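# A structural walkthrough
Chain residues, written in single-letter form:
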Amino acid sequence: MEFQHKSVLFDEAVDSLNIDSTKTIVDGTAGGGGHSAAIAAKAGRLIAVDRDPDAVQVLHERLDKLGNVTVVQNNFENIRQIVADLGLDGVDGILVDLGVSSFQLDTAERGFSYHRDAPLDMRMSKSGLSAKDVVNTYSEQELADILFRYGEEKFARRIAKNIVEARAKGEIETTFQLVDIIKQSYPQRAMRDSHPARKTFQAIRIEVNAELDALSNLLDGAMDVLSSGGRLSVITFHSLEDRMVKERFAKWANPCTCPKEFPVCVCGKKPLGKMPFKSKAPSAAELEENPRARSSRLRCFEKF
């Protein structure tokens, strides 16, 4: 199985974990093993985690021979369980890359891409709620809310209305059926900015995979399993997840709730750690080689 994925911010992400041969690192979105292989070469032990069974198969093929890698099929949001099940007291670093892999986008039958006609799916785990379920069973209000909240789609109500009208004539089963409905919902002037389906597909994918809930759970769990000096590095791809990471890191670094006019802190809330750097974006050279990296940001937090 060819599971190809161009790992974004590759060197920056690996370097941010401050790896050495004494450390145990978790790659929570191991995918095709790009970041994982580089981490395993430096770390004492790597826990390579992915929810996608296709990715897990490839990870075994590519990483088992290294000898210091444990491959786990699970959702990174279950980081506490993953660490506990392996009998570990803690880990020294966690990396998650929140982008959809190139393999998932380019494998038409997975239904992630609006450029390829395929069954509406979008399930990273290949199980549970699908995009077809969302499009055909959610109410018009629920669809509009999802498109607006997760896709920041300003034509959300019009698209939701047209989806409901279209499915009354027959189930919406394919990506191109949905793309056609979205295009009919867009004013001609707005079609020039970017592909009209981009935001809707993002929103439905986030809903199908409960991505923001998973990220929130990961952030909570990471602080429980990281050892002192351990680092959490997160690569985000859109404003919703980046905002969540940015705000959570800022709160951990400065949890004080005292009024600004107080000369000293009296609330007693101590920082949980520090941010080694604010954020990192891909270089011009990387963007030229991999345009899909354009919206990515890397953030890192080190636990005290």
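The preceding data block contains the structure.
Below or above, wherever it landed, is the structure these notes cover. Computed from a prediction, not measured in an experiment: that's the story for all the values here.

## Describing the overall build of the chain
Secondary structure summary: the chain contains 13 helices and 7 strands in total. Scaling as 2.2 N^0.38, a compact globule of 304 residues should have a C-alpha radius of gyration of about 19 Å, and the chain matches this with 21 Å. Taken along the three principal axes of its C-alpha coordinates, the chain extends 60 × 60 × 40 Å. Across the 304 residues in the chain, those meeting the buried criterion constitute 52%.

## Observations regarding the nonpolar core
By size, the foremost hydrophobic cluster in this structure holds 35 residues, and its most contacted members are Ile163, Leu178, Phe201 and Ile204. Those elements that provide at least two residues to this core are helix H6 (131–137), helix H7 (140–151), helix H8 (156–167), helix H9 (175–185) and helix H10 (198–209). Ile47, Leu218, Val245 and Trp252 belong to the second largest nonpolar core, which has 26 residues in total.

## Brief notes about the packing of H8 against H9
Remark: H8 packs on H9, axes separated minimally by 9 Å, with the N-to-C direction vectors making an angle of 130°. Between H8 and H9, the interaxial angle falls into the category oblique. Considering the relative orientation of H8 and H9, their crossing is right-handed. Seen from H8, the contacting residues are Arg158, Ile159, Asn162, Ile163 and Ala166; seen from H9, they are Leu178, Ile181, Ile182, Gln184 and Ser185. Here the residues of the contact of H8 with H9 are counted per class, giving 6 nonpolar, 3 polar and 1 charged.

## A word on the side chain of asparagine 209
Its place among the elements puts asparagine 209 in helix H10. Under the relative-accessibility criterion, asparagine 209 is labelled buried at 3%. A polar contact of 2.8 Å, which involves the side chain of asparagine 209, links it to the backbone nitrogen of methionine 124. For asparagine 209, the residues in contact, after removing those within four places along its chain, are Arg51, Phe112, Met122, Arg123, Met124 and Ser125.

## Some details on helix H3 (residues 53–63)
Turning to H3, its buried residues are Asp54, Ala55, Val56, Val58, Leu59 and Leu63. On its buried side, H3 packs onto helix H2 (34–42), strand S2 (45–50), strand S3 (69–73) and helix H5 (102–106).

## A few points about the sheet that holds S2
If you trace the 7 strands from one edge of the open sheet to the other, you get S3-S2-S1-S4-S5-S7-S6, paired in mixed fashion. Each having just a single partner strand, S3 and strand S6 (273–274) make up the two edges of the open sheet. On the sheet, helix H11 (residues 211–225) packs against strand S4 (91–97), strand S5 (226–236) and strand S7 (297–303) and is oriented at approximately 155° with respect to S5.

## So, the pattern of salt bridges
Taken as a whole and assessed by the stated rule, the structure comprises 12 salt bridges. Between arginine 110 and aspartate 54 there is a salt bridge, with its nearest N and O atoms 3.4 Å apart. Of this pair, arginine 110 sits in the loop between H5 and H6 while aspartate 54 sits in helix H3; the two residues are 56 residues apart in sequence, bridging distant segments of the chain. Residue class for arginine 110 comes out buried when judged on its relative accessible area of 4%. When its relative accessible area of 13% is taken as the criterion, aspartate 54 is described as buried. Several salt bridges share partner residues, and in doing so they unite Asp52, Asp54, Arg110 and Lys126 into one network.

## Describing the packing of aromatic side chains
The description of an aromatic ring pair rests on the distance of the ring centres and on the angle between the ring planes. Counting across every chain of the model gives 5 aromatic pairs. Ring centres of tyrosine 114 and phenylalanine 201 lie 5.6 Å apart, and the angle between their planes is 85°; on these two criteria the pair is classed as edge-to-face. Here tyrosine 114 is found in the loop between H5 and H6, whereas its partner phenylalanine 201 is found in helix H10, with 87 residues between them in sequence. On the basis of relative accessibility, which here comes to 18%, the residue tyrosine 114 falls in the buried class. Taking relative accessible area as the criterion, phenylalanine 201 reaches 3% and is therefore assigned buried. Grouping aromatic residues by their ring pairs yields a cluster made of Phe249, Trp252 and Phe301. Note that arginine 149 overlies the ring of tyrosine 150, its terminal NZ or CZ placed 5.3 Å from the centroid. A cation sits over an aromatic face here: lysine 280 above phenylalanine 277, 4.4 Å from the ring centre.

## Topic: the packing of H7 against H10
One can describe the packing of H7 onto H10 by two numbers: an axis separation of 8 Å at closest approach and a directional angle of 100°. One finds that H7 runs roughly perpendicular with respect to H10. For the pair H7 and H10, the contacting residues are Ile146, Leu147, Tyr150 and Gly151 in the first and Lys199, Thr200, Gln202, Ala203, Ile204, Ile206 and Glu207 in the second. A class-by-class count of the residues in the contact of H7 with H10 yields 6 nonpolar, 3 polar and 2 charged.

Calculation rules
- Residues numbered from 1 in each chain as written.
- Predicted model: local features only at pLDDT ≥ 70, side-chain atom pairs only at ≥ 80, totals over all residues.
- Heavy atoms only, no water.
- Helix = DSSP H or I, 4+ residues; strand = E, 2+ residues; numbered from the N terminus.
- Rg over C-alpha atoms; globule rule 2.2 N^0.38 Å.
- Buried < 20%, exposed > 50% of the residue type's maximum accessible area, 1.4 Å probe, protein only.
- Core = buried A, V, L, I, M, F, W, Y, C linked by side-chain atoms within 4.5 Å.
- Axes fitted to C-alpha atoms, helices over the stretch in contact; angles between N-to-C directions.
- Parallel < 35°, antiparallel > 145°, perpendicular 65-115°, else oblique.
- Left-handed = near helix turned anticlockwise from the far one by under 90°.
- Contact = heavy atoms within 4.5 Å.
- Nonpolar A, V, L, I, M, F, W, Y, C, P; charged D, E, K, R; others polar.
- Polar contact = N/O pair within 3.5 Å; in protein donor to acceptor, adjacent residues only side chain to side chain.
- Pairing = 2+ DSSP bridges.
- Salt bridge = Lys/Arg side-chain N within 4 Å of Asp/Glu carboxyl O.
- Phe/Tyr/Trp six-rings, centres within 6.5 Å; stacked < 30°, edge-to-face > 60°.
- Lys NZ or Arg CZ within 6 Å of the ring centre and 35° of its normal.

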